[in-house]
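# What the coordinates show
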Amino acid sequence: MDCPNLEFEYGDADSYGAELSELYSYTEEPEFSLNRKCFQEDFQTQVKGGRWSELDTSRQKAYVMRLLDGLEVVDRNRRLRVARAILYLAQGVFGECETEAEVLYWARYNNFLLYQMGTFTAFLEMLNMEMANSQACSSALRKPAISLADSTALRVLLSVMYLMVETIRAEKETDLPEWRTSRETFRTELSSPVHSEEPFALLLFTMVTKFCSGHAPHFPMKKVLLLLWKVLVFTLGGFEALQAMKVRKREELGLPPLPEDSIQVMRSMRAASPPAYTIELVEQQQQKRGHRSRRPLMKQDSLDIYNERDPFKSDELGADEEEADEIDGGIEGELDMLERDAVVQPVSVPRPPVERVSFPKGLPWAPKVRQKDIEHFLESSRNKFIGFTLGQDTDTLVGLPRPIHESVKTLKQHKYISLSDVQIKNEEELEKCPLSLGEEDVQETPCEILYRAMLYNLPQYMIALLKILLAAAPTSKAKTDSINILADVLPEEMPITVLQSMKLGIDVNRHKEIIVKSISALLLLLLKHFKLNHIYQFEYVSQHLVFANCIPLILKFFNQNIMSYITAKNSISVLDYPSCTVHELPELNAESLETGDNNQFCWRNLFSCINLLRILNKLTKWKHSRTMMLVVFKSAPILKRALKVKQAMMQLYVLKLLKIQTKYLGRQWRKSNMKTMSAIYQKVRHRMNDDWAYGNDIDARPWDFQAEECTLRANIEAFNSRRYDKPQDSEFAPVDNCLQSVLGQRLELPEDFHYSYEIWLEREVFSQPIRWEELLRYQ
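Criteria and thresholds
Residues numbered from 1 in each chain as written. Predicted model: local features only at pLDDT ≥ 70, side-chain atom pairs only at ≥ 80, totals over all residues. Heavy atoms only, no water. Helix = DSSP H or I, 4+ residues; strand = E, 2+ residues; numbered from the N terminus. Buried < 20%, exposed > 50% of the residue type's maximum accessible area, 1.4 Å probe, protein only. Areas by Shrake-Rupley, 256 points an atom, 1.4 Å probe, with all protein chains shown as cover. Contact = heavy atoms within 4.5 Å. Patch = residues over 30% accessible without salt bridge, like charges linked within 9 Å, V, L, I, M, F, W, Y side chains within 5 Å. Salt bridge = Lys/Arg side-chain N within 4 Å of Asp/Glu carboxyl O. Core = buried A, V, L, I, M, F, W, Y, C linked by side-chain atoms within 4.5 Å. Phe/Tyr/Trp six-rings, centres within 6.5 Å; stacked < 30°, edge-to-face > 60°. Axes fitted to C-alpha atoms, helices over the stretch in contact; angles between N-to-C directions. Parallel < 35°, antiparallel > 145°, perpendicular 65-115°, else oblique. Left-handed = near helix turned anticlockwise from the far one by under 90°. Nonpolar A, V, L, I, M, F, W, Y, C, P; charged D, E, K, R; others polar. pLDDT = per-residue confidence, 0-100.

Summing up its helical and strand segments, the chain has 38 helices and zero strands in all. Looking at the chain as a whole, 49% of its 779 residues qualify as buried. Accessible area of the chain: about 40700 Å², with a carbon and sulfur share of 54%.

Next comes the structure, spelled out in structure tokens:
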């Protein structure tokens, strides 16, 4: 199956309408009219015959205040009806709208109004009450099958909160000044522990762990995860905000600016044609045997394998080289399908260069060199020419030949000092001289507050997220011990007709896809923000993900027909919000369900795949032990299959993962995958002196792998205890050396100590031999 180039733009999230529609499952569709009914019954008692859109702002505010008062009543059912009325407002009073754009306009207006009236705080209190509702938990635990009805109240509360976060988060040029102020206030409120002792994201993490432990199987996990992801995007910042923060942080530390903006470079990249597979190669060889007699001899340009194709070369030469290189080397990445399939003419016809497509010359990335690379290079050069080394000295070049001087100069020109290098160096100094350097000045950023709050339960949070990801992965088999993530999609009465079964099947698959999307996005966001905040925070999260088998889990996810996953049509466009609220629903039949939408690919699935590949890259970069895990789990054929997706960004992250393990895959693999090797040369950043394509890496000693992880773990623990454990009786605290005052202190002894005093004396004092000579010698 040949894949066309996918016109996909990667970002923090999909369009506003698409993100809102994914909040609701198709099984929840009847609840739209229920929300409308709850609102209209209450609204007509206040404004007879009126419409919400006709009221002025002051009357709208007065009505919202009245609804919020209704949340204070004791009767749970009445509270739920009021919450549904508020949800109808947040959904954009669709009963008064004619078009989808109108619904989204009123949804935006109403959500800002609801926030300004204090709705979010009121709903947060109700969410805490529902989480603590032991009756709902115990009834859900007793049921053999949990359905949509078990999570009704939680779904209404989480929907309102999600709509508010997603709406206020999205910036528009037409926003009113008070809306901009509200956005900043809301961001601060969500990221800082204002009322409680923890940020809002931590409450949602607690819901995730509670669900995975089996204590609350009725929690609507999809809504919780979507809300958690959007809260993190809103409070910490998206990918563009991250890039800006990185630039600012480098300026503050006096580091040179970044060589390029990675987001922009990837947007301008073009996808490469996927490498051929065994069956295709056999067919091509058979075709070539037929063509060989007619082919004129041509001199091959030896640099063509590495350089992008010269647009000014004649057509026959280009086409011939393409044929010759299809098996053993050349990359077709920058060629059009039309150009590749052009018929070769026996006579060369010169064409004006304007007609040819011109491609950018050179490589997309500036090369980078680490300090460690320069040290390794000088160490090997000194051993070779002088016979001894000078440790970490990279300035003394005495006795080395001229070409080595030139090499060191080139390496230093491209030397890149990362923020992580600076942070590790600072950490080493703080560990070495804690007294002279004093207390570290830690900025109270939203990221720092979140890490501090997550720290002690972080392993449980990571395990819980990966458990849900495993249950939602399309490749995972249903097991008796796996968690049930379908509690908020299964209806009370199971389908009886084929059509209902088909609809539920689509709904369940869509539900799983949305869960994968939210988990992959929030994990990537956490890793990137923690890495920017402090490298050891990132390493702590990474290590727990690795210990929880994240690497084989992601590889298992990709061990499927990835093309069919990316082009899956698990959606029924007529049932999507806001379309289903303003249009009459047509009669659904099997054909309309099978057709799905007419998009070339599914945005959320491609987004999930790229996020999971980025997470895998983050976990394995510069970690030999984890790279060996990729080799052991036979990831190369799985990743190579993923190259079939013609999307530049996804291909780049697959090629990065193949690059780091190439040296361990053996000569035969490299020989039969020259096309992939060429793609790596062309698309991935070059590290000078990096012998990624050969197996002579001095770092690749398998017996060091265990030690590498243990050293890293020790450094992380030292960082966490230094920065976050503040013991009262520190070893650096002043000590009272006066015997009288020490003996005169009153000690609080436990009550039962008086009864067992004589036994304690016998055990701890009289029965212990005292070696007086040693005691006196030490004094």
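Mapped onto the elements of the fold, S151 is located in the loop between α7 (134–142) and α8 (152–169). Note on S151: relative accessible area 1%, which makes it buried. With sequence-adjacent residues up to four places away left out, S151 is seen in contact with H218, P220 and D488.

With that settled, the discussion passes to a nonpolar patch on the surface. Nonpolar side chains collect at one region of the surface, where F385, I386, F388 and L390 lie side by side and expose about 340 Å² of accessible area between them. Structurally, the position occupied by I386 is in the loop between α17 (371–385) and α18 (402–413).

With that out of the way, let us pick up the environment of L575. Mapped onto the elements, L575 comes out in the loop between α26 (562–566) and α27 (579–582). When neighbours within four sequence positions are excluded, L575 is seen to be in contact with Y26, E29, K503, C580, L585 and L588.

Time to look at the nonpolar core. Here is a general trend for soluble globular proteins: nonpolar side chains tend to be buried in one another's company. Counting residues in hydrophobic clusters, the biggest one holds 190 residues, and the most contacted among them are W52, F200, M454, M462, I468, F558 and M650. Per-element accounting of this core gives the leading share, 15 residues, to helix α23 (residues 498–533). Excluding its chain neighbours within four sequence positions, the residues that come into contact with M650 are F558, I562, I566, L606, C609, I610, L613, A642 and V645.

Bringing the packing of aromatic side chains into the picture now. Here the distance between the centres and the angle between the planes together describe a pair of aromatic rings. Here the structure, examined in full by the defined rule, presents 35 aromatic pairs. Taken together, a centroid distance of 5.3 Å and an interplanar angle of 85° make the contact between W106 and Y109 edge-to-face. With W106 and Y109 both in helix α5 (residues 100–116), this residue pair falls three residues apart, about one helical turn. According to the relative accessible area criterion, W106 is buried, its value standing at 13%. Owing to a relative accessible area of 17%, Y109 belongs among the buried residues under this scheme. Here F557 and Y565 contribute two aromatic rings whose centre-to-centre distance is 5.2 Å and whose plane-to-plane angle is 85°, an arrangement assigned as edge-to-face.

Another aspect to go through is unusual backbone geometry. Following Y577, the chain continues to P578 via a peptide bond in cis, the omega torsion being 0°. Mapped onto the elements of the fold, P578 is located in the loop between α26 and α27. Although it is not a glycine, W622 adopts a positive phi angle of roughly 60°. Of note, W622 is situated in the loop between α29 (603–620) and α30 (624–632). One non-glycine residue, K634, adopts positive backbone phi at about 50°. Examined against the element boundaries, K634 turns out to sit in the loop between α30 and α31 (635–642). Classification of K634 as exposed rests on a relative accessible area of 61%.

On inspection of all chains with the given rule, the structure shows 34 salt bridges. The shortest N-O distance in the salt bridge between R76 and E130 comes to 2.9 Å. Taken as a pair, R76 in helix α4 (residues 76–90) and E130 in helix α6 (residues 119–131) lie far apart in primary sequence, 54 residues in all. Linking E184 and R187 is a salt bridge whose minimum nitrogen-to-oxygen distance equals 2.8 Å. Of this pair, E184 and R187 are both found in helix α9 (residues 177–191), three residues apart, which corresponds to roughly one turn of the helix. Using a relative accessible area of 22% as the deciding quantity, one classes R187 as partly exposed.

In this section: the packing of α8 against helix α11 (residues 221–236). When two helices pack together, their arrangement is captured by the angle between the axes and the distance separating the axes. One way to put it is that α8 packs onto α11 with a least axis distance of 10 Å and a crossing angle of 25°. Our classification of the angle between α8 and α11 gives roughly parallel. When the axes of α8 and α11 are compared, the crossing they make is left-handed. Of α11, the residues touching α8 (which contributes R155, L158, S159, M161, Y162, V165, E166, I168 and R169) are K223, V224, L226, L227, K230, V231, V233 and F234. Within the contact of α8 with α11, the residues separate by chemical class into 11 nonpolar, one polar and five charged.

The next subject is the confidence of the model for the chain. Per-residue pLDDT for the chain averages 83, and the proportion of residues at 70 or more is 85%. Here residues 292–359 scores under 50 on pLDDT; set against residues more than four positions off or in separate chains, the count is 86 contacts.

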